[in-house]
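# Analysis of the macromolecular model
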Amino acid sequence: MIASLSTPLLLGVFTLAGLIVVISSIKATGLADVIADRTRMGEALAGGIVLGAATSLSGIVVSVSVAAQGDASFAFSNAVGGIAAQTFFLALADMLHRRANLEHSAAEPANLFQAVMLIVLLSIPLAATAAPDFAIWGISPASVVLFLAYLGGTKLATQVSETPMWKPVETRETRRDEPEDEEEANRSPRGPILVFMGLVVIMGFSGWVISQAGQEFVTRFSLSSSLVGALLTAVVTSLPELVTTLTAVRRGALQLAIGGIIGGNTFDTLFLVFSDGAYRDGSLYHAVSMSDLYWLATGLMMTGVLLGGLILRQKDGPARIGIESLLLVAIYASAVVLQVLA
């Protein structure tokens, strides 16, 4: 049905689906903060698991849908391109938080651990592309390792959040993770959870619409799958992360903001697991192009820079943002230019 639409209508449907995802994510951010307080989960963990997974759903639907239709490059670049874009969004959030560098104010051990976890997870598909082309029932062993590593890392992230073995030095600008309302922790989380789940369903369906429109862009305008995946669908399906991050910063939920991005990125690595399962022509990792691997390397580099910023905790940097934010902007901008010129 989408393929039969005229170009203006196709663009309209694509834009509308993206808008629905963004609006749903705004509501989801507030609910995630409430759920974090009422379940005593904590903002960093709620951002990393609950909010991160929910806002990533539209993206995973895109990758799985196009992988099932045989476009490995589109599926792969949508996943890793989204990770790079979402990390870039943290630099934008740092510009919004004018009191101090965002990474300084939101000191949280769980966020540090999840950044390390993300680097490990991204290293697995990179190694898989250089390994022998081997698959069992069309699924690479690397996908199994990646999935198990995600589960194990998530369990350890919960442990770090609940019983941290060290605490960051607190300064006047450090924002603690505390409920906004002392009575909030005594209220039932059932209502917010049900509404949150409804929003997740809406975002998932919107992601399917975006995937179909994206594939039509590839065919109709003779664009490369890597370009559309990394710079069009990846950015559009990542807009919830931008909106939720900026909303969380404005609410003062700084751990939630950073945790949502890093946690969302760790969840996004599972795009590759499910896409590998949906791709029926062998291992997904051996069907991708050098452009796709370029975005994987970009995501790794940006995550390393972000982790360095979280450890350094620079209070004031150039233009009153952290040096890591400037580097993230420079790296992402360079990657976009090189992709367009390639």
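Our subject is the structure that appears above.
Residues numbered from 1 in each chain as written. Predicted model: local features only at pLDDT ≥ 70, side-chain atom pairs only at ≥ 80, totals over all residues. Heavy atoms only, no water.

### So, the overall build of the chain
In terms of helices and strands, the chain carries twelve helices and zero strands. When the helices and strands of the chain are listed from N to C terminus, the series reads α-α-α-α-α-α-α-α-α-α-α-α. Looking at the 342 residues of the chain, the share that counts as buried comes to 56%. Sequence-distant contacts in the chain: of pairs separated by 6 or more residues, those separated by 24 or more amount to 87%. As displayed, the chain has an accessible area near 14100 Å², and 68% of this comes from carbon and sulfur atoms. (Helix = DSSP H or I, 4+ residues; strand = E, 2+ residues; numbered from the N terminus. Buried < 20%, exposed > 50% of the residue type's maximum accessible area, 1.4 Å probe, protein only. Contact = heavy atoms within 4.5 Å. Areas by Shrake-Rupley, 256 points an atom, 1.4 Å probe, with all protein chains shown as cover.)

### Structural notes on empty space enclosed by the protein
Tallied over the full model, the rule gives one cavity of 30 Å³ or more. The wall of the largest cavity is formed by twelve residues, among which Gln86, Thr237, Ser238, Asp268 and Phe271 lie closest to the centre. Going through the elements one at a time, α2 (43-68), α3 (72-96) and α8 (225-251) are the ones with two or more residues in the lining of the largest cavity. Sort the elements by how many residues they give to the lining of the largest cavity and α8 lands first, with four residues. Within the lining of the largest cavity, the residues separate by chemical class into two nonpolar, eight polar and two charged. (1 Å grid on protein atoms, 1.4 Å probe; cavity = no way out; pocket = protein on both sides within 12 Å on 5 of 7 lines; lining within 4 Å. Points joined across faces, edges and corners; volume = space filled by probe spheres on them. Nonpolar A, V, L, I, M, F, W, Y, C, P; charged D, E, K, R; others polar.)

### Concerning the side chain of glutamine 215
When you line up the elements, glutamine 215 lands in helix α7 (residues 190-220). Among the residues examined, glutamine 215 registers a relative accessible area of 14% and is labelled buried. Residues within four places of glutamine 215 in sequence aside, it is in contact with Val66, Gln69, Asp71 and Phe74.

### As for the packing of helix α5 (residues 109-130) against helix α9 (residues 254-268)
Interaxial distance between α5 and α9 falls to 9 Å at its minimum, and their mutual angle equals 20°. Considered as vectors, α5 and α9 are oriented roughly parallel to each other. The handedness of the crossing between α5 and α9 comes out as left-handed. Facing α5, whose interface residues are Asn111, Gln114, Ala115, Met117, Leu118 and Leu121, α9 presents Gln255, Ile258, Gly259, Ile262, Gly263, Asn265 and Thr266. Broken down by class, the residue content of the contact of α5 with α9 amounts to six nonpolar, seven polar and no charged. (Axes fitted to C-alpha atoms, helices over the stretch in contact; angles between N-to-C directions. Parallel < 35°, antiparallel > 145°, perpendicular 65-115°, else oblique. Left-handed = near helix turned anticlockwise from the far one by under 90°.)

### What about unusual backbone geometry?
The backbone of tryptophan 137 sits at a positive phi, close to 55°, despite the residue not being glycine. Mapped onto the elements, tryptophan 137 comes out in the loop between α5 and α6 (141-162). Judged by relative accessible area, tryptophan 137 falls into the exposed class, the value being 78%.

### Quick notes on the packing of aromatic side chains
Aromatic rings in a pair are described by how distant their centres are and how their planes are angled relative to each other. Here the structure, examined in full by the defined rule, presents eight aromatic pairs. Centre to centre, the rings of phenylalanine 14 and phenylalanine 217 are 5.2 Å apart; their planes meet at 70°, and the pair counts as edge-to-face. With phenylalanine 14 in helix α1 (residues 7-38) and phenylalanine 217 in helix α7, this residue pair connects regions lying 203 residues apart in the sequence. You'll find phenylalanine 14 and phenylalanine 217 in the same group, each marked buried. Both rings, one in tyrosine 294 and one in tryptophan 295, keep their centres 6.1 Å apart while their planes meet at 75°; by these two values the pair is edge-to-face. We classify tyrosine 294 as partly exposed; its relative accessible area is 29%. Take tryptophan 295: its relative accessible area is 0%, and that puts it in the buried class. Aromatic ring contacts, followed pair by pair, group Phe88, Phe89, Tyr294, Trp295 and Tyr332 into a single cluster. (Phe/Tyr/Trp six-rings, centres within 6.5 Å; stacked < 30°, edge-to-face > 60°.)

### Looking at the packing of α5 against α6
Where α5 contacts α6, the axes come no closer than 10 Å and their chain directions differ by 175°. Judged on the interaxial angle alone, α6 and α5 are roughly antiparallel. Seen from α5, the contacting residues are Pro109, Ala110, Phe113, Gln114, Met117, Leu121, Ile124 and Ala128; seen from α6, they are Ala142, Val145, Leu146, Ala149, Tyr150, Gly153, Thr154, Leu156, Ala157, Val160 and Ser161. In terms of residue class, the contact of α5 with α6 is built from 15 nonpolar, four polar and no charged.

### Let's talk about α6
Taking 1.5 Å of rise per residue, 22 residues should cover 32 Å, and α6 covers 32 Å from first to last C-alpha, within 8% of that figure. Every buried residue of α6 is accounted for by Ala142, Ser143, Leu146, Tyr150, Gly153, Thr154, Ala157 and Ser161. On an axial view of α6, the arc spanned by its buried residues comes to 115°, and they lie on one face. Residues of α6 that are exposed and angled more than 90 degrees away from the buried face: Leu148, Lys155 and Glu162. (Expected span 1.5 Å × (residues − 1). Arc of directions from axis to C-beta.)

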